[in-house]
Structures are given as C-alpha cells and as structure tokens.
Amino acid sequence: MNKRWEMLPIDEKKQMTLAKELHISSSLAEILTKKNLDVKSANIFLHPENIPYHDPFLLKDMQKACERLLLALKNKEKICIYGDYDVDGVSSTALLMKVFTKLGFQIDYYLPDRHSEGYGLHIESLEKLIPKYDLLITVDCGITALEEVAYAKDKIDIIITDHHLPREILPEALAVINPTQIQCNYPNKNLCGVGVAFKLCQGIYQSLGKNIEELENYLDIVALGTVADIVPLIDENRRIVKKGLANIQNLGIKTLIDICNYDETAINTGHIGFGVAPRLNAAGRLTHASIAVELLLAVDKNIAHEKALYLDDENRQRQEIIEDIFHEAIIKIEQNHLQENKVIIVVGENWHEGVIGIAASRLQEKYYRPIIIIATKDHIGKASCRSIDGFHMKNALTYCEQDLMVYGGHSKAAGFTIDLAKLDDFISHMQIYAEENLSPEDLIPIYQVENVLTPQDITLDFIEELSLLEPFGMGNPKPLFVCQNLLVTKAMKMGRENNHLRFNFNYKDVQYSAVGWHMADFADNIIDKYVDILFQPELNHWNDRTYLQFKLNDLRLSKHKISYLEEFPPYDIIGKIYLCLRRQEKITGKNIFFVEECQNLLKQLYNIYLSDHALKQCLIILEEIAILNVKQDKIYLLALPQQKLDIRKSQTFAKRFNLQKL
C-alpha cells in the first residue's frame, strides 16, 4: 500500500518563542506551534488540569432537566437510567448511578440487550419500564428515538442525554441535552455520552448548591468512557482524561488494571483503549453489558475480582471470534477483488454481530478503505461501518437510507440494519456515492510527521518531555517522527507467529533498536541497507532494564542520499553558525574564515557536526540575507546589519514552507 509521509511547514520564530517562554525543547515547541498555540494556550495545553469546565447550563434544556430532577428528589420519585451496552454507555450508567445515589435519588438502570433488542430506546422495553418508574433518563442514546419517545411522552417524563448527531426533527422529550443539536450553544461539541452525563451531574450539583469539585472523584469513570469512545481529547475532555487517569479510585477499574498487569501509577490512554475498555466491551458484545456496570459499581474486592475475571475470559473469547471473522473476511475480499472498490462491503452469514465493528476497524487499517461488514441471519443484515478521512459514513448511509431499516452513527463509525432483499440496491447506491465522494488521493493514507530527527536526538529526557503532551488520542495523536539514512545491521522476525519485526541499526557508531508490529515481511529485505523510519519513541522495560526503542509506524528503503535535515537545516542551527562566526570575529578581529574552520567552531562550541551539504545550505541562506559571502572555501563575514534581518527572505530557507512530502 502506498503511504505518504508529510510534514507541515512551521514558523520557526514562533517555535523559538515558545521554547524560550515555556522553557521547553525546540522539538516540543515545534509540535505546539503546529497546533497553532500561542504561549498562553500552549501553557494551558501542557497543564490540562487547569483547563476550565464550561458552565453546564450552557447546554440546551439543562435547566429543564435539573428542575425536573429536583422535583423527583423532593417527591422521592423512582428514576430509571436507560443506557447502552458499549463502554461509553456503561460508564455513563455507572456514573449517574453513583452520583445520584449519593445525592439521595431513588435510582435504577436498564441496559438493552445487544442481540435481542439492539441499540437505543425500544417500545417493548418502554412498556416494561413505564409502570415501574416516574422519570426516565437516557444516556448515550435517544436522540433519534422519535417514535419511541412519542409513544412514551404521555406516560412517563423522559430526559435525553446523548452526543450522537441528531436528525432534523428532535424527539419530544421533556428535555434534550446534546451539545451537537443545532439549537445548543455549548462550546464543546466533542463530549461523549459519559461527558454529557457528567455535565448533567455538574448541573444538578450546582442546582443543589454543592461544590462541583467533589465530582472530580468520579473522573476516572468519565475518562474511561471518553477514551473508549474515541472523541477528540481537546478542551475540557483533555482535563477529564488527564485528571481521571491520574487519580483512579473506582474499584472496578482498578481491578481490571490489575487483571491486565498494568502499573496503576502510570496508566495512559493506550492502557485504557487497548486493555481495560475491550474487557468492559466484551460483556455487551457476547452476553449482556449489565455485568460491566456491576463491576464499575462494585464495592467488594472479591466481587470485583470475580466479575473482572469473567470479563477477561469473555474478552479472550471475543478476540478468537474476531480473529476468525477477520480472516474469513479477508478471504472473501481477496477472492472477489472487493479491495478494488472504493468502499469494501463484505457479507458473512451468522457472523457475530457484537464484534464485527472491531473486525471492520482492523480491515480498515489493512486496506485503508471505508469498510462495511454485514452479519446476516434470517433474511436480516446487521452492519458495522468504519471510515477514513474524507468520507463521512453517516452521510453516506443517509444517501442510501431508502435501502435501510434503521441506521445511525458518526463520520468515522456507524451501523445499520437492512432487509437482505434490499442488499444489492444498497451496495449499488453506496458504490455510486463513493465514486462521487472519494478521489484516488483520498485512498492513500497520510502520516503527519512532526519532525525529522537524528537517532541521537532521542534521549530519555526527550521521551519524558513528550509525556507533557498526554493524554494522547483523537484530536491529539501521539507525535510521529522520522529518521533517515539508517544502516540496518541486523533484522529478525519475532512473536509466536513470527509476524513482528525487530532490527538494529547503526548511526555514528552507536547501535539502536527498532520494533515493528505486523511488519515481519520487511525482515529479509533490509539487512545491510539504508532505511528511513517513521516512528514513535518509547521506553522498553525488560529484565529490570529500561532502554530506548523506536516503535515503527512505517518503514521504507532510503531513496535519497541527502536527508531532509541536510537539505533544510533547522533555524537554530543556522543561528548558531552566525553566532559562532561573530564570536570568533570578536576574539580574533578577523572577518574571513575557512569553511572547515566554521565546522570546527560548531563542534567546539555546540557539539554539532554538520555534513558538508548541510553546512553549505546554511551558508547559502546566510548569504541570501546579506550576513556573509562565500567564495570557494572561504567565508567573508559582512558588517553588522543596521536593522534586524528576516531569515524567511532567503529563497532557500523559504522552500521549507511548502508542504514537505518526505
């Protein structure tokens, strides 16, 4: 698969300002500059615990909801939380159960069964709940339940809290709290379901005159759902996740962390997304999600451990089922050449509908196409969809809505149910939509590179400083870096199935180690060759030792002998050349220097070694802004300029401000 490595241009003066004002490295400052942050906003970004919460009453209908809840509290009315079976829905349910119970509400919950009921509100479920309760609160669902709310509105009061995209008409509930509805002026449109539930908790706390800071004791639950639902980790979401993962108090989450063999004191979004959340999701996918809620509500260690072990076992079964579906889907795709279509639609009879979304995500990574997996049974198909940048999956389903029984979702993930008699029509309509809305360039994955570095730039201090950017996730991805022209000295396959890659490379007589998951095919083709690597730096702990490791995202044979860093030397390197020449001029009284002398000064004063090409580029830039002249192997330093010079007026330097395709 073709892949593009691209590096956005940068204003290096702003970068240097951030580095100086915030006392951070130029590399970290470069990342913040590319996020368009000034000194004040960058400082807040690096300290997300200081990000302020928005007023919950900016959410439309929050006032109505809180007034109704206060009435329910006063009259001791019975309330039911109607949740969802994924981690966002489970954590939303657990959060309201804990907070509202503490406040004295008469509270209970109900989760629909994924297999017999499916997502969202159902009239059959409402018929069971209406006689038992006075008030129903949905979490992570309900925004499209027009018919169901219409059925129930004269029988029970309903408060909808949701974050999914609404349709043109909203349900006629007592209150609809959803930041994505058109009439809502709430600043943060990226809350997940548990984020909206958390704002409801803040609203009721304020209505009761309580200190909302008490609610930060529940941020571990809110962080869990926020990470699992893959919403952008910006604005107050960033505060929620940072503080929530730093202070995990929930017994159920702590027990799952222990089951995963993670260090509770160093939990990050990766641990939640790839370890804790899948185990909580397993219950709703294979059996019933109520056990996940029970775990998050557990107060007894033995009960929590028992439920965590059960979820761990369910997760293992889930992984085996996913693996089978994934490989069966690949066979169907390859045999029928479905990978040649702009959208891959693969259909399997009796595939487990609870896990096809995960299989779809893996297929999307493999083929970099929008993926739709349809599990069929009894003439009905249930589908999970995963998309790529540039293709809005929910809009695509809306284009095909005449073929669907029900559908919903987001730009990147969606689902639907279809009568199989309509399947051929749906496939045809979806491919027409894809042809009109996807260009060939959209189907080439793009990696955004933060910076090109040398291996010696990757130090323990550098990795420690990068941790200031956490939490990582959507909207704040873990930064990717590139090193070029590395000589591979050893390469091997590893793992139980020999499907992973490990190799060593040499740079300036120092050996480094790199690892690439699912990249074993490279092992036989890179020994004794020069490679460029796209990677994330990390620490590997093994046998009581900690050492640097380059975790690969992509790898290719080096195409150019001249690296990016030689062709586009950094701003601060150019500045150091100028400073060391001026320093030498002041010491010796001369203004003519040999190029080799300049090279030696750089090594002596700054421990910097530049290749001949890199030094030449720096001198060309300084010459273009009238700092010096170069003739053959001599540098002629000109008189001090009368006014401050702008390095960006150099045509050679300005080339970097075009989008760089590495």
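Residues numbered from 1 in each chain as written. Predicted model: local features only at pLDDT ≥ 70, side-chain atom pairs only at ≥ 80, totals over all residues. Heavy atoms only, no water.

Participant: For this particular structure, what's the right way to read the overall build of the protein chain?
Facilitator: The secondary structure content of the protein chain amounts to 23 helices and 22 strands. Computed over the C-alpha atoms, the radius of gyration of the protein chain is 29 Å, within 12% of the 26 Å expected from 2.2 N^0.38 for a compact globule of 662 residues. Summarising its shape, the C-alpha atoms of the protein chain cover approximately 95 × 60 × 50 Å along the three principal directions. Residues counted as buried form 52% of the 662 residues belonging to the protein chain. Taking contacts inside the protein chain between residues at least 6 apart in sequence as the whole, the part at least 24 apart equals 66%. (Helix = DSSP H or I, 4+ residues; strand = E, 2+ residues; numbered from the N terminus. Rg over C-alpha atoms; globule rule 2.2 N^0.38 Å. Buried < 20%, exposed > 50% of the residue type's maximum accessible area, 1.4 Å probe, protein only. Contact = heavy atoms within 4.5 Å.)

Participant: Any chance you could explain helix 9 (residues 219-228) here in plain terms?
Facilitator: Because each turn of an α-helix spans 3.6 residues, side chains separated by three or four positions end up pointing in the same direction. When you tally the buried positions in helix 9, you get 9 out of 10 residues, the bulk of the element. Of all the residues in helix 9, the buried ones are Leu 219, Asp 220, Ile 221, Val 222, Ala 223, Leu 224, Gly 225, Thr 226 and Val 227. Backbone geometry just downstream of helix 9 places Ile 230 in the positive-phi region, at approximately 55°.

Participant: How should the packing of aromatic side chains be read in this particular structure?
Facilitator: Across all of its chains, the model carries 15 aromatic pairs by this definition. Ring plane angle 50° and centroid distance 4.8 Å describe the contact between Phe 416 and Phe 426, whose orientation is recorded as tilted. In this pair, Phe 416 sits in strand 11 (residues 413-419) while Phe 426 sits in helix 17 (residues 423-437), placing the two residues 10 residues apart along the sequence. Relative accessible area serves as the criterion here: at 0%, Phe 426 is assigned to the buried category. (Phe/Tyr/Trp six-rings, centres within 6.5 Å; stacked < 30°, edge-to-face > 60°.)

Participant: Looking at this model, I keep getting lost on the sheet that holds strand 19 (residues 592-594). Mind explaining?
Facilitator: Whether parallel or antiparallel, the strands of a sheet pair through hydrogen bonds between backbone atoms. The strand order across the open sheet formed by 3 strands is 19-21-20, and the pairing between neighbours is antiparallel. Of all the strands in the sheet, just strand 19 and strand 20 (628-631) have a single pairing partner and so form its edges. When the angles between neighbouring strand axes are averaged without regard to direction, this sheet yields 25°. Direction of pairing for strand 19 relative to strand 21 (residues 634-637): antiparallel, over a ladder of 3 bridges. The residue bridging Ile 592 from the neighbouring strand is Tyr 636, located in strand 21. (Pairing = 2+ DSSP bridges. Axes fitted to C-alpha atoms, helices over the stretch in contact; angles between N-to-C directions.)

Participant: Where do I start with the pattern of salt bridges in this structure?
Facilitator: A side chain with one charge may pair with a side chain of the opposite charge, provided their charged atoms come close. Counting across every chain of the model gives 23 salt bridges. Of the charged contacts in the structure, one is a salt bridge between Asp 61 and Lys 64, with a shortest N-O distance of 3.8 Å. A salt bridge links Lys 243 to Glu 216, with the shortest nitrogen-to-oxygen separation between them at 2.6 Å. Taken together, the residues Lys 243 in helix 10 (residues 236-246) and Glu 216 in the loop between helix 8 (193-207) and helix 9 connect sequence positions 27 residues apart. A residue is classified by how much of its surface remains accessible, and Glu 216, at 14% relative accessible area, is buried. What emerges from the salt-bridge pattern is a single network uniting Lys 60, Asp 61 and Lys 64. (Salt bridge = Lys/Arg side-chain N within 4 Å of Asp/Glu carboxyl O.)

Participant: It is not clear to me how the sheet that holds strand 12 (residues 446-448) should be interpreted in this structure. Could you clarify?
Facilitator: Pairing in this open sheet of 3 strands is mixed, and the strands run 12-1-22 from one edge to the other. Looking at strand neighbours, the two that pair on one side only are strand 12 and strand 22 (660-661), the edges of this open sheet. Direction of pairing for strand 1 (residues 4-7) relative to strand 12: parallel, over a ladder of 3 bridges. Across the sheet, the residue bridging to Trp 5 is Tyr 447, located in strand 12.

Participant: Can you help me understand the state of the cysteines in this one?
Facilitator: Covalently bonding the sulfur atom of one cysteine to the sulfur atom of another cysteine gives a disulfide. The final tally for this structure, using the stated rule, is 0 disulfides. Cys 192 takes part in no disulfide bond, and the closest cysteine sulfur, belonging to Cys 201, lies 13 Å away. The thiol of Cys 618 is unpaired, and the distance to the nearest cysteine sulfur, on Cys 598, comes to 8.4 Å. (Disulfide = S-S within 2.5 Å.)

Participant: Can you walk me through the environment of Tyr 151 in this structure?
Facilitator: Position of Tyr 151 among the secondary structure elements: in helix 7 (residues 146-152). Overall, the relative accessible area of 26% leaves Tyr 151 in the partly exposed class. Tyr 151 sits 34 residues away from Glu 117 along the chain, and the two C-alpha atoms are 17 Å apart. The residues contacting Tyr 151, other than those within four sequence positions of it, are Ile 123, Leu 126, Glu 127 and Ile 130.

Participant: What should I look at first to understand the nonpolar core in this one?
Facilitator: In globular proteins that are soluble, nonpolar side chains generally tend to be buried together. By size, the foremost hydrophobic cluster in this structure holds 76 residues, and its most contacted members are Leu 69, Leu 95 and Phe 100. Among all residues touching Leu 95, those that are not within four sequence positions of it are Val 194, Ala 197, Phe 198, Cys 201, Tyr 218, Ile 221 and Val 222. In terms of nonpolar packing, the next biggest core, distinct from the first, is built from 38 residues, Ala 19, Leu 453, Ile 463 and Tyr 507 among them. (Core = buried A, V, L, I, M, F, W, Y, C linked by side-chain atoms within 4.5 Å.)

Participant: Can you walk me through a negative patch on the surface in this structure?
Facilitator: There is a patch of like negative charges on the surface, built from Asp 313, Glu 320, Asp 324 and Glu 328. For Asp 313, the position within the fold is in helix 14 (residues 301-335). For Asp 313, a relative accessible area of 36% puts it in the partly exposed group. (Patch = residues over 30% accessible without salt bridge, like charges linked within 9 Å, V, L, I, M, F, W, Y side chains within 5 Å. Areas by Shrake-Rupley, 256 points an atom, 1.4 Å probe, with all protein chains shown as cover. Lys, Arg positive; Asp, Glu negative; His and termini not counted. Charge placed at Lys NZ, Arg CZ, Asp CG, Glu CD.)

Participant: Can you walk me through the packing of helix 9 against helix 10 in this structure?
Facilitator: Each pair of packed helices gets described by two things: the angle between the helix axes and the distance between those axes. Their axes nearest at 8 Å, the elements helix 9 and helix 10 cross at an angle of 120°. Judged on the interaxial angle alone, helix 10 and helix 9 are oblique. When you trace helix 9 past helix 10, the crossing you get is left-handed. In contact with Leu 219, Asp 220, Val 222, Ala 223, Thr 226 and Val 227 of helix 9, helix 10 contributes Asn 237, Ile 240, Val 241, Lys 243, Gly 244 and Leu 245. Here the contact of helix 9 with helix 10 is built from residues that sort into 7 nonpolar, 3 polar and 2 charged. (Parallel < 35°, antiparallel > 145°, perpendicular 65-115°, else oblique. Left-handed = near helix turned anticlockwise from the far one by under 90°. Nonpolar A, V, L, I, M, F, W, Y, C, P; charged D, E, K, R; others polar.)

Participant: In this structure, what is going on with the pairing of strand 20? I would like to understand it.
Facilitator: When a strand is regular, its side chains alternate between the sheet's two faces. Bridge count for strand 20 against strand 21 is 4 bridges, and the pairing is antiparallel. The residue bridging Asn 629 from the neighbouring strand is Tyr 636, located in strand 21. Following strand 20, the chain reverses through 2 residues before pairing antiparallel with strand 21; Gln 632 in that reversal takes a positive phi of roughly 55°.

Participant: What exactly am I supposed to notice about the environment of Cys 598 here?
Facilitator: Mapping Cys 598 onto the fold places it in helix 21 (residues 595-606). The class of Cys 598 is buried, set by a relative accessible area of 0%. When neighbours within four sequence positions are excluded, Cys 598 is seen to be in contact with Ile 577, Leu 581, Leu 615 and Ile 635.

Participant: How should I be thinking about the packing of helix 8 against helix 9 in this particular structure?
Facilitator: Between helix 8 and helix 9, the shortest axis-to-axis distance is 7 Å and the interhelical angle comes to 150°. Put simply, helix 8 runs roughly antiparallel to helix 9. Contacts from Val 194, Gly 195 and Phe 198 of helix 8 reach helix 9 at Leu 219, Ile 221, Val 222, Gly 225 and Thr 226. Its residues assigned to classes, the contact of helix 8 with helix 9 shows 5 nonpolar, 3 polar and no charged.

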